[in-house]
Amino acid sequence: MTAISNTTTTHLMTINMGPQHPSTHGVLRLLLELDGEMIVKAEPHIGFLHRGVEKLAEYKTYHQCIPLTDRLDYVAPFSNNLAYALTVEKLLGIEIPERAQHIRVILCELTRISSHLLWLATHALDLGAMTVFFYCFRERETIYDIFEMVSGARMNLSYIRVGGVSRDLPGGFLEKTRKFVAEFPSRLNEYETLLTNNIIWKKRTVGVGVISAEDAIDYGLSGPSLRGSGVNWDIRKAEPYSSYDKYHFAVPLGKNGDVYDRYYVRIEEMRQSNSIVHQALNVLPKGDFIARIPNITLPPKEDVETKMESLIHHFKLITDGIQPPKGEVYSSIEAPKGELGFYIVSDGSSHPYRLKIRPPSFVNLEALPKMVEGRLLPDVVAVIGSLDIVLGEIDR
Amino acid sequence: MDNEAIATLIKTNFPDAIIGSGVFRNELTIIIKKEFITDIAKFLKEHQELDFNFLSDLCGVDRVEMDGVFEVVYHLYSIYKNHRLRLKVPIPSNEPHISTVTGVWKTANWHEREAYDMFGIKFNNHPDLRKILMPDDFEGHPLRKSYPIDGRQPVTLRGIYRKDVDEA
């Protein structure tokens, strides 16, 4: 839809969109100032889901913080776990067994697919395409079944531990994942037949919510929202972690920085993620799934029952927690929504002195007014969808 | 550029501003005086070799118990040069204010609002310094160490919304 430049109305109207509104993807409240149907000013109000995660973390041991991270971006819990675990591992200066690294990659890329599927489903539904929603949730269900197999839970997984993962992959995992990976590209084509060249979809998305590369960087956009504007920055490539440098994948880029480009980047990312999972399943090495370091990771259960030292380590670790050296580290990963960073200040005790989360959605949402001001009200729905925000990590 | 080169470049250009610097886990940290923040921010962004065009994160840290200061921590990144820098600025806890960097990186706007909300750090010349996560009538700054984890507010939501019901 194109913007109307000269309207006849003289009165500006202020309306509330949200916090209870299906198209705001959570408890986001937008205060919109309208001239007719044109947005004069948009002002996001956030904080409705604030639970004080950063404060709580200061009173928990490093292991106890992991469940808190699940509840940030709750549609991509593995990524949150990983970002946190990597930061603590960096603080401790420890190496992770290769098998654990590859398991992490498999699960994080599946998470990216599942997060993007949820985004595609709801984004398309917001703009009136209902079939896509059902298709996407079908595949997402399979991924959630895989997650349940691995961790025993469907949403708040807490599977990744400092030093590796909590247990080895269960039997049947490889077969089930292989089957999914083999089928998924054809499913992706199915979604594309519904949207990519659909004239209605294009009219709602092409040229809407444009942000230039320069502005996108200035506003701190990251992830697909930044790459939609053509900026080639993917942390998996720029600062490879968890052995991402061993995989071949492309970084899809947009050109115009509009809603359509951001849509297309995410679609392509799912294809790339699928290929990464495929590669990882083939090279998955044998070995430990967690580093065996007595004062950092829990000893195997059978050792605790038979060996005195293991019992002592287990007891010490549960009661005292990890005590990393004094210092501070920042580490970030390419989460489905962008740069997810953790900044930990350690005073040498078993609790983080300060834990700061850099949530991609929080920063991406900041650019919303820039994208919608001067455009029509229905475009707001399209732009919010294209930013792929989750209020859990915005409000923390 | 590697950490050493970045540190040297900043030190030669702002010899009076640097309080300290260090590398931990291959991360460069530079601590500067708060009067210089705007100049250094501009320099870091505009210098061709440094090119810190991306403000990853900005946050406060409460070090009042240890050193009597709040710290404002800037995590900078250069998308085109692929290097990072942590800039730290201690500000006295009795007068916690510092110049804004919203003029340099637009993204600083919400980060600074959050630091204001959570720590009560005031950012001078900020275009729109309001609370961002906490309700408007929230008293205190929850991430300060002096705010207890089970802190209670004088006015609860129940007190606001169910006043008539409770009194009846």
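Along each chain, residue indices are assigned from 1 in the same order as the chain's sequence is written. In the order they appear in the text, chains get letters beginning with A and ligands get numbers beginning with 1. Only residues with pLDDT of 70 or above have their local features reported here, since the model is predicted, and side-chain atom pairs are shown and tallied only from 80 upward, although totals for entire chains, interfaces and linings are computed over all residues.

A. The overall build of chain B, seen in detail. Across its full length, chain B holds six helices and seven strands. The helix and strand labels rest on DSSP assignments: H or I over at least four residues marks a helix, E over at least two residues marks a strand, and numbering proceeds from the N terminus. Going from N to C terminus, chain B has its helices and strands arranged as α-β-β-α-β-α-β-β-β-α-β-α-α. If one aligns the C-alpha atoms of chain B with their principal axes, the spans along those axes are about 70 × 30 × 30 Å. Using C-beta atoms placed from the backbone, we call a residue buried if 20 or more other C-beta atoms fall within 10 Å of its own, exposed if 12 or fewer do, and partly exposed for counts in between. Looking at chain B residue by residue over its 168 residues, the buried ones come to 38%. In chain B, once contacts between residues fewer than 6 apart in sequence are set aside, the share between residues at least 24 apart is 47%. The contact rule is simple: place each C-beta atom from the backbone, and if two of them lie within 7 Å, those residues are in contact.

B. Fine view of the pairing of strand 2 (residues 27-32) of chain B. All names here are of chain B. The side-chain alternation of strand 2 yields one buried face, formed by Leu-28, Ile-30 and Ile-32, and one unburied face, formed by Glu-27, Thr-29 and Ile-31. A pair of strands is labelled paired if DSSP reports no fewer than 2 bridges between them. Relative to strand 2, strand 1 (residues 18-24) runs antiparallel, the two being bridged by six bridges. Paired with Val-23 across the bridge in strand 2 is Leu-28. Bridging between strand 2 and strand 5 (residues 83-92) involves three bridges; their strand directions are parallel. Residue Thr-29 lies in a different strand from strand 5, and its bridge partner there is Arg-86.

C. Main features of unusual backbone geometry. Residue and element names in this part refer to chain B. Phi is positive for Arg-25, close to 55 degrees, though the residue is something other than glycine. Within the fold, Arg-25 resides in the loop between strand 1 and strand 2. Residues other than glycine seldom take positive phi values, yet Asn-82 does so here, at roughly 55 degrees. Within the element layout of this structure, Asn-82 appears in the loop between strand 4 (69-78) and strand 5. Residue Asn-82 is classed as partly exposed on the basis of its 13 C-beta neighbours within 10 Å.

D. Main features of the sheet that holds strand 7 (residues 338-346) of chain A. Residues and elements named next belong to chain A. If you trace the three strands from one edge of the open sheet to the other, you get 6-7-8, paired in antiparallel fashion. The sheet terminates laterally at strand 6 (327-335) and strand 8 (352-358), the two strands that pair on one side only. Sheet twist, expressed as the mean angle between neighbouring strand axes with direction ignored, is 15 degrees. Only the contacting stretch of a helix is used when fitting its axis, a line to C-alpha atoms as for every element, and angles between N-to-C directions run 0 to 180 degrees. This element, helix 3 (residues 77-92), spans strand 6 and strand 7 of the sheet and lies at about 150 degrees to strand 6.

E. Region of interest: the interface of chain A and chain B. Listed as interface residues are 32 residues of chain A and, on the opposing side, 25 residues of chain B. Looking at the side of chain A that touches chain B, the elements that each hand over two or more residues are helix 1 (53-57), helix 8 (213-218), strand 6, strand 7, strand 8 and helix 14 (360-366) of chain A. Each residue belonging to the side of chain A that touches chain B can be placed in one class, and the counts come to 13 nonpolar, eight polar and 11 charged. Throughout, the ten residues Ala, Val, Leu, Ile, Met, Phe, Trp, Tyr, Cys and Pro are labelled nonpolar, Asp, Glu, Lys and Arg are labelled charged, and all others, Gly among them, are labelled polar.

F. Here's a closer look at the nonpolar core. A set of buried Ala, Val, Leu, Ile, Met, Phe, Trp, Tyr and Cys residues, joined to one another through C-beta atoms within 7 Å, is what we call a nonpolar core. Within the largest apolar cluster, 149 residues are counted, with the highest numbers of intra-cluster contacts made by A:Leu368, A:Val383, B:Val72 and B:Ile121. Per element, the largest residue contribution to this core is 14 residues, and it comes from helix 4 (residues 98-126) of chain A. What B:Val72 contacts, discounting residues up to four positions off in sequence, is B:Leu58, B:Gly60, B:Val89, B:Ile91, B:Ile98, B:Ala115 and B:Ile121.

G. Inspection of helix 3 of chain A at higher detail. An ideal rise of 1.5 Å per residue puts 22 Å on 16 residues; helix 3 of chain A measures up with 23 Å between its terminal C-alpha atoms. After helix 3 of chain A finishes, the residue A:Gly93 shows a positive phi value of roughly 70 degrees. Residue count minus one, scaled by 1.5 Å, sets the expected span of a helix.

H. View of the sheet that holds strand 3 (residues 54-63) of chain B. Residues and elements named next belong to chain B. In space, the five strands of this open sheet follow the order 1-2-5-4-3, with mixed pairing throughout. In this open sheet, the two strands that pair with only one neighbour each are strand 1 and strand 3. Neighbour-to-neighbour, the strand axes of the sheet open up by a mean angle of 20 degrees, direction not taken into account. Running over the sheet, helix 4 (residues 108-119) touches strand 3 and strand 4 and is turned about 10 degrees from strand 3.

I. Just the pairing of strand 2 (residues 29-35) of chain A, in detail. All names here are of chain A. Bridge analysis of strand 1 (residues 13-17) against strand 2 gives five bridges, and the strand direction is antiparallel. By the bridge assignment, Met-17 is partnered in strand 2 with Leu-30. Bridge count for strand 2 against strand 3 (residues 38-45) is seven bridges, and the pairing is antiparallel. Bridge assignment links Leu-34 to a residue of strand 3, and that residue is Ile-39. Hairpin connection, strand 2 to strand 3: the antiparallel pair is bridged by two residues, and Gly-36 has positive phi, about 65 degrees.

J. Structural context of the packing of helix 6 (residues 173-195) of chain A against helix 11 (residues 259-283) of chain A. All names here are of chain A. For the pair helix 6 and helix 11, the least separation of the axes is 10 Å and the interaxial angle reads 160 degrees. By the angle between their directions, the pair helix 6 and helix 11 is classed as roughly antiparallel. Considering how the two elements wind past one another, helix 6 and helix 11 form a crossing that is left-handed. Of the residues in helix 11, those touching helix 6 at Leu-174, Thr-177, Arg-178, Val-181, Phe-184, Pro-185, Leu-188 and Glu-192 are Ile-267, Met-270, Arg-271, Asn-274, Val-277, His-278 and Leu-281. Class assignment for the residues of the contact of helix 6 with helix 11 results in nine nonpolar, three polar and three charged. These descriptions rest on fixed angle ranges, namely under 35 degrees for roughly parallel, over 145 for roughly antiparallel, 65 to 115 for roughly perpendicular, and the rest for oblique. Each crossing is labelled by how the near helix is turned from the far one, with a counterclockwise turn of less than a right angle marking it left-handed and a clockwise turn marking it right-handed.

K. Summary view of the confidence of the model for chain B. Per residue, pLDDT captures the predictor's confidence, and it can take any value from 0 to 100. Averaged over every residue, the pLDDT of chain B is 87; the share at 70 or more is 95%. What the predictor reports for the complex is a pTM of 0.90 with an ipTM of 0.89.

L. Structural context of the environment of A:Glu214. In this fold, A:Glu214 is placed in helix 8. Separated by 73 residues in the primary sequence, A:Glu214 and A:Glu141 have C-alpha atoms spaced 38 Å apart.

M. Just the environment of A:Tyr191, in detail. Checked against the element boundaries, A:Tyr191 lands in helix 6. Apart from residues no more than four positions distant in its own chain, A:Tyr191 is found in contact with A:Leu120, A:Val132, A:Tyr135 and A:Cys136.

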